[in-house]
Amino acid sequence: MDLNMNVDAPHSMGTTIIGVTYDGGVVLGADSRTSTGMYVANRASDKITQLTDNVYVCRSGSAADSQIVSDYVRYFLHQHTIQLGQPATVKVAANLIRLLSYNNKNMLQTGLIVGGWDKYEGGKIYGVPLGGTLVEQPFTIGGSGSSYLYGFFDQAWKEGMTKDEAEQLVVKAVSLAIARDGASGGVVRTVIINSEGVTRNFYPGDKLPLWHEELEPQNSLLDILNAPSPEPMNI
Amino acid sequence: MSSIGTGYDLSVTTFSPDGRVFQIEYAAKAVDNSGTVIGIKCKDGIVMGVEKLIASKMMLPGSNRRIHSVHRHSGMAVAGLAADGRQIVARAKSEATNYQSVYGEPIPVKELADRVASYVHLCTLYWWLRPFGCGIILGGYDRDGPQLYMVEPSGISYKYFGAAIGKGKQAAKTEIEKLKLSEMTCREGVIEVAKIIYKVHDEAKDKAFELEMSWVCEESKQQHQKVPDDLLEEAKAAARTALEEMDAD
């Protein structure tokens, strides 16, 4: 173990984030690990942030940078909604995110996924990766854990899924990434947005399926010590 | 009937004892003295027409445009002082492109109308500025369908399904009210607008005039453009025939 670990290093969200459209809306998903180097600063963080009633954003990369960008866009969207007299569209939210990301690309290090529902276009997902491009996609993945999911989505994604199919796909994908990516972990959070509103779901680590060679999670040391033959994980 | 506001009409920042701002009312008079401008909202779009009074026989037809495109999806017809109108059109174009840059989508017509109205109103608030001497009819087609707005020199703006400003506005409004706009397509609307403008044109007082028309509708793929030449000629012919029939009675 590295005793010279710097706990004051900038917080980064290793992260796995996902945004998927389905027939009638979108599903956003994320893990919950915020790391400071090797130390997990927050094991239950919420990386899916609200911008308006109908638009949310998944944050990855620098925690500070992604929070500031979200805060600014929330502020602008609020004013825009008042001026327009109706909810902002997902496209407008994504464009504002993009303008901040692109114009400050030298100083920011954050990849964002904007997802939501509006009455003109329905459910939409926009990816705004590191340089500040804006791409509208039927689904998109981001964060360090996403490297392990490209092949999975190529095979598992299909057009016109139902809400439950889409959410199951997202939960499965995040849990696969958590299994392989050291910088992703904790719980899986999902946000479903459609014409009826917004639903938040929470899948704790011990409810997720175990993948190849993963061990059962141990929630408490006491359980291990009081077990018939205490054999905690050996290195 | 307006009265002379002696003493209270020298500055746009002075109210009269009966609560009027005379400078704004005088600005409206500049609009009333200009050629008639009409806008109507048909079921599939907007049609706008201008009675362009020709000052000199030596002017080339098609010059001195009174209808301007503000953005791909919207246009403005101006009545009153032409130079003032140019300024407002420039501002509207700038607002539209700025909105597109910041928000990533074409400016909603309602928002454009609000911004133009705010700008016109702005110039009624300071003593070192004079009010704009023009009325604007703004027509556009956005994701909420076709919309028609009118902005007056005072800065107020309302949404209409039929609007007229200028010399023949009273007569024009009467004619527009007779039309069944919700059942009319823009193609038919173009003919009707031409007929109305020819009808309200006062042969005795004014000399020749040129008819300028534009539309934004399904047929124009929701783009604001001049009415195609063949349809314009058809409209003019129909208007002249209608006039002759009326005179023959």
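The structure contained in this document is the topic of the report that follows. Residue indices begin from 1 for each chain and proceed along its sequence in written order. Written order determines the labels here, with chains lettered from A and ligands numbered from 1. Under the rules for a predicted model, residues below a pLDDT of 70 receive no local features and side-chain atom pairs below 80 are neither given nor counted, while totals for whole chains, interfaces and linings still include all residues. The basis for the side-chain values is all heavy atoms of the structure; hydrogens and waters are excluded.

Another point: the overall build of chain A. When its secondary structure is counted, chain A shows five helices and 13 strands. Against the compact-globule benchmark of 18 Å for 235 residues, chain A has a radius of gyration of 19 Å, which places it among compact chains. When the backbone C-alpha atoms are referred to their principal axes, chain A occupies close to 65 × 40 × 30 Å. Throughout this description, buried means an accessible area under 20% of the type-specific maximum (1.4 Å probe, protein chains only), exposed means over 50%, and partly exposed covers the range between. Here chain A holds 235 residues, and the buried ones make up 46% of them. Under the DSSP-based scheme used, a helix requires at least four consecutive residues in state H or I and a strand at least two consecutive residues in state E, with every element numbered from the N terminus. Only C-alpha atoms enter the radius of gyration, while the globule expectation follows 2.2 Å times N to the 0.38, with N the number of residues.

It is worth spelling out the pairing of strand E5 (residues 134-142) of chain B at this point. Residues and elements named next belong to chain B. Most of E5 sits out of view: nine of its nine residues are buried. Here E5 shows two buried faces, one formed by Cys134, Ile136, Leu138, Gly140 and Asp142 and the other by Gly135, Ile137, Gly139 and Tyr141. At least two bridges found by DSSP between two strands is the condition for calling them paired. Of the pairings in the sheet, the one linking strand E4 (residues 74-80) to E5 comprises seven bridges and is antiparallel in character. What sits directly across from Ala77, in E5, is Ile137. Note that E5 and strand E6 (residues 145-151) share seven bridges and pair antiparallel. The residue of E6 that forms the bridge with Gly139 is Leu148. What sits between E5 and E6 in their antiparallel hairpin is a turn of two residues.

With that out of the way, let us pick up the packing of helix H5 (residues 186-200) of chain B against helix H6 (residues 229-248) of chain B. All names here are of chain B. Angles run from 0 to 180 degrees between N-to-C directions of axes, and those axes are lines fitted to C-alpha atoms, restricted for helices to the stretch in contact. For the pair H5 and H6, the least separation of the axes is 8 Å and the interaxial angle reads 45°. Between H5 and H6, the crossing angle belongs to the class labelled oblique. The way H5 lies across H6 gives a crossing that is right-handed. For the pair H5 and H6, contact is made by Arg187, Val190, Ile191, Ala194, Lys195, Tyr198 and Lys199 and by Leu231, Glu234, Ala235, Lys236, Ala238, Ala239, Arg240, Ala242, Leu243 and Met246, respectively. Across the contact of H5 with H6, the residue classes tally to 11 nonpolar, no polar and six charged. Between 65 and 115 degrees an angle is taken as roughly perpendicular, under 35 as roughly parallel, over 145 as roughly antiparallel, and anywhere else as oblique. Should the near helix be turned counterclockwise from the far one by less than a right angle, the crossing is left-handed, whereas a clockwise turn marks it as right-handed. The contact criterion used throughout is that any non-hydrogen atoms of two residues lie within 4.5 Å. Residues are grouped as follows: nonpolar covers Ala, Val, Leu, Ile, Met, Phe, Trp, Tyr, Cys and Pro; charged covers Asp, Glu, Lys and Arg; every other residue, Gly included, is treated as polar.

All names here are of chain B. Pairing is antiparallel in the open sheet, where five strands are placed in the order E8-E1-E2-E9-E10. Both edges of this open sheet fall to strand E8 (162-165) and strand E10 (225-226), since each of them pairs with a single strand only. Of the strands in this sheet, strand E1 (37-42) and E8 are in contact with helix H4 (residues 169-178), which crosses E8 at around 165°. Lying over the sheet, H5 contacts E1, strand E2 (45-53) and strand E9 (209-217), oriented at roughly 155° with respect to E9.

Let's shift gears to the layout of surface pockets. Cavity: a set of points on a 1 Å grid over the protein atoms alone where a 1.4 Å probe fits but cannot get out. Pocket: an open set with protein on both sides within 12 Å along at least five of seven lines, its lining residues, like those of a cavity, having an atom within 4 Å of a point. Grid points are joined across faces, edges and corners, and a volume is the space filled by probe spheres set on the points. Taken as a whole, the second largest pocket encloses approximately 400 Å³ of empty space. Forming the boundary of the second largest pocket are 19 residues, of which Glu121 of chain A together with Glu105, Pro106, Asp142 and Arg143 of chain B lie nearest the centre. At the level of elements, strand E9 (122-128) of chain A together with E5 of chain B are the ones that each hand at least two residues to the lining of the second largest pocket. In terms of residue class, the lining of the second largest pocket is made up of five nonpolar, five polar and nine charged.

Expected span of a helix: the number of residues minus one, times 1.5 Å. Spanning 15 residues, H5 of chain B covers 21 Å between terminal C-alpha atoms, matching the ideal 21 Å at 1.5 Å per step. Within H5 of chain B the residues assigned to the buried category are Cys186, Gly189, Val190, Ile191, Val193, Ala194, Ile196, Ile197, Tyr198 and Val200 of chain B.

For Ser101 of chain A, the location among the structural elements is in helix H2 (residues 90-103). Not counting chain neighbours up to four residues away, the residues in contact with Ser101 of chain A comprise Leu108, Leu112, Val128, Gly131 and Gly132 of chain A.

What characterises a pair of aromatic rings is the spacing of the ring centres plus the angle enclosed by the ring planes. Residues and elements named next belong to chain B. Between rings of Phe, Tyr and Trp, where Trp is taken as its six-membered ring, a pair exists when centres lie within 6.5 Å; planes separated by under 30 degrees are stacked, by over 60 edge-to-face, and by other angles tilted. Tallied over the entire structure, the rule returns 12 aromatic pairs over all chains. When the centroid spacing of 6.1 Å and the interplanar angle of 40° are considered together, the rings of Phe22 and Tyr26 count as tilted. A residue pair is termed a helical-turn pair when its members lie 3 or 4 positions apart in one helix, as Phe22 and Tyr26 do in helix H1 (residues 22-32) at four residues. With centroids separated by 5.1 Å and ring planes inclined at 70°, the aromatic side chains of Tyr198 and Phe209 adopt a geometry described as edge-to-face.

One recurring pattern in soluble globular proteins is that nonpolar side chains are buried together. Buried Ala, Val, Leu, Ile, Met, Phe, Trp, Tyr and Cys residues form a nonpolar core when they are joined through side-chain atoms within 4.5 Å. Within the largest apolar cluster, 44 residues are counted, with the highest numbers of intra-cluster contacts made by Ile97 and Val114 of chain A together with Met76 and Val116 of chain B. Leaving out residues up to four positions away in the same chain, Val114 of chain A has contacts with Val55, Tyr56, Val57, Val90, Ala93, Ala94, Ile97, Lys124, Ile125 and Tyr126 of chain A. Of all hydrophobic cores here, the second largest spans 29 residues; its members include Ala172, Met184, Trp215 and Cys217 of chain B.

Our focus in this paragraph is unusual backbone geometry. Here the phi dihedral of Glu213 of chain A falls at roughly 70°; this positive angle occurs in a residue that is not glycine. Tracing the backbone shows Glu213 of chain A in the loop between strand E13 (197-203) and helix H5 (221-226). Classification of Glu213 of chain A as exposed rests on a relative accessible area of 69%. Unlike most non-glycine residues, Asn64 of chain B shows phi in positive territory, near 55°. Along the chain, Asn64 of chain B turns up in the loop between E2 and strand E3 (67-71).

Attention now moves to the interface of chain B and chain A. On the side of chain A, 11 residues touch chain B, which itself brings 11 residues to the contact. Taken as a group, Tyr103, Glu111 and Arg143 of chain B account for 48% of the area that chain B buries against chain A, more than any other trio of residues on that side. By definition here, a salt bridge exists when the distance from a side-chain nitrogen of Lys or Arg to a carboxyl oxygen of Asp or Glu is within 4 Å. Viewed at the interface, chain A and chain B are joined by zero salt bridges. Throughout this description, a polar contact denotes any pair of N or O atoms lying within 3.5 Å of each other; where both atoms belong to protein, one of them has to be capable of donating a hydrogen while the other can accept it, and for residues adjacent in sequence the pair is counted only when both atoms sit in side chains. Where chain B packs against chain A, one counts five residue pairs in polar contact (both at pLDDT 80 or more). Defined in terms of a 1.4 Å probe, buried area is the accessible area two parts forfeit on being brought together, summed over both.

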